[in-house]
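These are the residues of each chain, in order.
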Amino acid sequence: MIDALLRWYGREARDLPWRRTRDPWAILVSEVMLQQTQASRVVPHYERFLQRFPDPSSCAGAPAAEVLRSWSGLGYNRRALALHRAAAVIAAHGWPQDLEDLPGVGSYTAAAVASFAFGAPGLAVDTNVRRVLARTGLRVGAPTPALNQALMELGATVCTARGPRCAACPLAEDCDGPEEPAPRGPGRVRFEDTDRFVRGRVVAALAAGTALPEVDPQRLRRALDGLERDGLIERSGPRVRLPGQTVR
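Presented here is an overview of the structure given in this document. (Residues numbered from 1 in each chain as written. Predicted model: local features only at pLDDT ≥ 70, side-chain atom pairs only at ≥ 80, totals over all residues. Heavy atoms only, no water.)

Next up on the list: the overall build of the protein. If you tally the helices and strands in the protein, you get 11 helices and 2 strands. The order of α-helices and β-strands along the protein, N terminus first, is α-α-α-α-α-α-α-α-α-α-α-β-β. Considered along the principal axes of its C-alpha atoms, the protein spans approximately 65 × 50 × 25 Å. Going through the 248 residues of the protein one by one, you find that 41% of them count as buried. Considering only residue pairs separated by 6 or more positions, the protein has 58% of its internal contacts joining residues 24 or more positions apart. When the accessible surface of the protein is split by element, carbon and sulfur atoms take 49% of a total near 13,400 Å². Side chains of the protein give 33 positive and 27 negative charges; the mean places of these two sets differ by 6 Å. (Helix = DSSP H or I, 4+ residues; strand = E, 2+ residues; numbered from the N terminus. Buried < 20%, exposed > 50% of the residue type's maximum accessible area, 1.4 Å probe, protein only. Contact = heavy atoms within 4.5 Å. Areas by Shrake-Rupley, 256 points an atom, 1.4 Å probe, with all protein chains shown as cover. Lys, Arg positive; Asp, Glu negative; His and termini not counted. Charge placed at Lys NZ, Arg CZ, Asp CG, Glu CD.)

Okay, here's the thing in structure tokens:
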């Protein structure tokens, strides 16, 4: 099964920029950006971010506001602040032996960076990989970076949560097939109606130096309160800014 998967990956793998490097900083940036964000959306942000912050020192030396400005548009802005703090640790002390010691780095991200940057033989289990393993029963011992990438690629493009393309799967012969996906519940909330949407617009407006979004005052107040609580903005009276941002 593993040989078939690796052959499939050799033919079908998407050409993603973080797969062309073993630089641990670039790989850490990609893994943090890929948390809850599709690869196609990440690519342009990843390339721009690394142009501005090509190494941990350049990121650590920049104000948080500038890091947030470079991150704007990806959402989940707390990831940017965690990456900024991780850069400061790396710039000051080097890469830790246990990557989970870095701010914002959990077990999956640590395993992925260890595998793709340092060649460590560990399994990096994200949601996609967990799904592939559960459906196929595939057992892996100490996977190579290529096998980790292949498992992730299969889960992201073929063995998906909804509408899996079983006919295109290299492991189909040994797979019992996916369980039926749970039906979507009625009354699903549109993203534009959520507080997270307003939070993102607030950060984008501050990064661009434009006015705060015109939304319902209660939604705006909830967004500002949450952003301040998470350390993503600073408030002084009516003035709102990104951390360390100069207000003119």
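Glancing now at the side chain of Arg219. When you line up the elements, Arg219 lands in helix α11 (residues 217-229). Although Arg219 lies buried, it forms no salt bridge, and the closest oppositely charged side chain, Asp195, sits 4.3 Å away as judged by the N-O distance. Among residues more than four places away in sequence, those in contact with Arg219 are Glu192, Asp193, Thr194, Asp195, Phe197 and Val198. (Salt bridge = Lys/Arg side-chain N within 4 Å of Asp/Glu carboxyl O.)

Turning to the packing of helix α2 (residues 24-34) against helix α6 (residues 78-93), a few remarks are in order. Their axes nearest at 10 Å, the elements α2 and α6 cross at an angle of 160°. It follows that α2 is roughly antiparallel to α6 by the angle criterion. The element α2 and its partner α6 pack so that their crossing is right-handed. Within the contact between the two elements, α2 uses Trp25, Leu28, Val29, Val32, Met33 and Leu34 and α6 uses Arg79, Leu83, Ala87 and Ile90. Per-class residue counts for the contact of α2 with α6 are 9 nonpolar, no polar and 1 charged. (Axes fitted to C-alpha atoms, helices over the stretch in contact; angles between N-to-C directions. Parallel < 35°, antiparallel > 145°, perpendicular 65-115°, else oblique. Left-handed = near helix turned anticlockwise from the far one by under 90°. Nonpolar A, V, L, I, M, F, W, Y, C, P; charged D, E, K, R; others polar.)

Now for the packing of aromatic side chains. Taken as a whole, this structure holds 4 aromatic pairs when the rule is applied. Aromatic side chains Phe49 and Trp71 sit 6.1 Å apart centroid to centroid with 85° between the ring planes, which places their arrangement in the edge-to-face category. Of this pair, Phe49 sits in helix α3 (residues 39-52) while Trp71 sits in helix α5 (residues 64-71); the two residues are 22 residues apart in sequence, bridging distant segments of the chain. Put simply, the rings of Phe49, Phe53 and Trp71 touch in pairs and so form one group of aromatic residues. (Phe/Tyr/Trp six-rings, centres within 6.5 Å; stacked < 30°, edge-to-face > 60°.)

Compared with an ideal rise of 1.5 Å per residue, which puts 14 residues at 20 Å, α3 spans 20 Å between its outermost C-alpha atoms and is within 8% of the ideal. Within α3 the residues assigned to the buried category are Ala39, Val42, Val43, His45, Tyr46, Phe49 and Leu50. (Expected span 1.5 Å × (residues − 1).)

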